[in-house]
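# A closer look at the structure
Here is how the chains run, residue by residue.
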Amino acid sequence: MGKGNTNRIDELLASVTTDLMGDGQATFQDNSIRVERLLLEMVRPDPVQPRRVLPEAIHLRFHNNHVTPTQALRELVQIVQIAARQRGRPFNSVLELLPKADDEHEEETAVNLSPEEQLLHDLVNLAVTIRDDGQVNPLTVVDVSQGITRLFRIETGERRYWATWLLRDFIPNYTGDGMIPCIIIPERQSSVFRQAKENTARSGLTAVALARQAALLLLTVHGYQIPAYAIGNDFYRQALDLDLRSKREYTDMILSAMGRIKRGQFSYIKGLLRLSDEALELADRHDIEEKKLRYVIPVASEYHAEIVRQIIDFNLTSKQVKELCEGEAPDASQEEFEKFSPAALKLAKVTHAISTTTPQELARALMQQEKDSAIAQARLQAMRKFISEAERYLTTD
């Protein structure tokens, strides 16, 4: 990705008001900034927004113009309907996802919503709030109109955008006019820093979204052109070769936009981009903390997704993830270890080494040891049976 004009960087950074730095000064001093009600069809989310509102697959399909906003939401609703039906909570109307006013034990009965269920539940809540109370906070959009075609890209407020579409197309008795209030920013004044501040100031980002946010800020100050189309993780990974040291004049501004984090934490967050694509998507969907994910990075990338699944399935602590990835033995006195046979302790240590080898490497080692493929397969079969028995004891102890 080629670098852009450095004058553009200076103009962009100059557009970040002192409100970002915390003195409370208003952001509307420029007379060219205005508030209008816009047709929903003229507004589009930012394809490189670090916060993924929709699941990744739907996000990419939508931004590649394979589905309309209504079709994207319909796909989300269908995913949630399948998940809810499997959990014995089928629904037909999205309004059925809202808690019933007469159910005093709703909080007690709420259980294990999938990320997609939680997302749709939150969007329905927001949609009903907009219907009943109106849109209190306008979206911030950038005017990217070309010629007679009016088009606006969302800088902040994408969840309100999707909630409004949901209200219009999926909630009965909609009486609105298909318009949405927006603060319109000229394209030359659009700011990845203002977007970052909005993201971190509200409900917060997942660790993976923060990594994308850190990447966008670094790429911006280093002069990279931020595209206006859907991108993959490799675009964000370009920031792995960049740092704050070579752009010291922007360091305070970047750390402030990231929620006033420390430099060391910034490096940890950016480092998450080394995870495999599948691991990044899983960690993003399930909001896995950075302090757990940092231990997964040094492991061979083909094992990243599986380790993240184990973190999700077993709700592993950061200490447990560290032991799983680094092969550290659990704390125990020598006396406690002497209760087990040397063979058992060796086998237990082998489990720590799984993440540092490959199936092909193990197969070749077995062949070298046994000199016969049939015997090697028999060894593996016996190992499977042995491991199955060990799992049975783990679940019953």
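Quantities reported herein were computed from a predicted structural model and do not represent experimental measurements. (Residues numbered from 1 in each chain as written. Predicted model: local features only at pLDDT ≥ 70, side-chain atom pairs only at ≥ 80, totals over all residues. Heavy atoms only, no water.)

Here the focus is the overall build of the chain. Scanning the chain from terminus to terminus reveals 19 helices and five strands. Taking contacts inside the chain between residues at least 6 apart in sequence as the whole, the part at least 24 apart equals 70%. When the accessible area of the chain is evaluated, it comes to approximately 22,600 Å², of which 51% is carbon and sulfur surface. (Helix = DSSP H or I, 4+ residues; strand = E, 2+ residues; numbered from the N terminus. Contact = heavy atoms within 4.5 Å. Areas by Shrake-Rupley, 256 points an atom, 1.4 Å probe, with all protein chains shown as cover.)

Next up on the list: the environment of Glu326. With respect to the helices and strands, the residue Glu326 is situated in helix H15 (residues 318-326). With 31 residues separating them in the primary sequence, Glu326 and Tyr295 have C-alpha atoms 7.6 Å apart.

Okay, the pairing of strand E5 (residues 179-186) next. Of all eight residues making up E5, six are buried, and the element is well covered by its neighbours. Note that strand E1 (residues 34-39) and E5 share six bridges and pair antiparallel. Considered in E5, the bridge of Leu39 is made with Met179. Bridge analysis of strand E3 (residues 139-143) against E5 gives five bridges, and the strand direction is parallel. (Buried < 20%, exposed > 50% of the residue type's maximum accessible area, 1.4 Å probe, protein only. Pairing = 2+ DSSP bridges.)

Attention now moves to a nonpolar patch on the surface. On the surface, a cluster of nonpolar side chains totalling about 300 Å² of accessible area is made up of Met383, Phe386 and Ile387. You can see Ile387 is positioned in helix H19 (residues 373-396). A relative accessible area of 42% means that Ile387 is categorised as partly exposed. (Patch = residues over 30% accessible without salt bridge, like charges linked within 9 Å, V, L, I, M, F, W, Y side chains within 5 Å. Salt bridge = Lys/Arg side-chain N within 4 Å of Asp/Glu carboxyl O.)

Here the focus is helix H7 (residues 192-201). Buried within H7 are the following residues: Val192, Phe193, Gln195, Ala196 and Asn199. Projected down its long axis, H7 carries its buried residues within an arc of 160°, all on one side. At the N-terminal boundary of H7, the capping side chain belongs to Ser191, with an oxygen 3.1 Å from the backbone nitrogen of Phe193. (Arc of directions from axis to C-beta. Polar contact = N/O pair within 3.5 Å; in protein donor to acceptor, adjacent residues only side chain to side chain.)

A few words on the packing of helix H2 (residues 56-63) against helix H3 (residues 69-86). In the contact formed by H2 and H3, the axes pass within 10 Å of each other and the chain directions differ by 165°. By the angle between their directions, the pair H2 and H3 is classed as roughly antiparallel. Every pair of crossing elements has a handedness; the one defined by H2 and H3 is right-handed. Of the residues in H3, those touching H2 at Ile58, Arg61 and Phe62 are Pro69, Ala72, Glu75, Leu76 and Ile79. Class assignment for the residues of the contact of H2 with H3 results in six nonpolar, no polar and two charged. (Axes fitted to C-alpha atoms, helices over the stretch in contact; angles between N-to-C directions. Parallel < 35°, antiparallel > 145°, perpendicular 65-115°, else oblique. Left-handed = near helix turned anticlockwise from the far one by under 90°. Nonpolar A, V, L, I, M, F, W, Y, C, P; charged D, E, K, R; others polar.)

Before going further, it helps to spend a moment on the pattern of salt bridges. Counted under the stated rule, the structure contains 24 salt bridges. With its nearest N and O atoms 2.8 Å apart, the salt bridge here joins Arg168 to Glu41. Note that Arg168 is positioned in helix H6 (residues 158-170) and Glu41 in the loop between E1 and strand E2 (43-44), a separation of 127 residues in sequence. The exposure class of Glu41 is partly exposed, given its relative accessible area of 45%. In this structure, the salt-bridge partner of Arg168 is Asp169, at a minimum N-O distance of 3.3 Å. Residue classification places Arg168 among the partly exposed residues on the basis of a relative accessible area of 24%. Members of the salt-bridge network, linked through shared partners, are Arg34, Glu36, Asp143 and Arg150.

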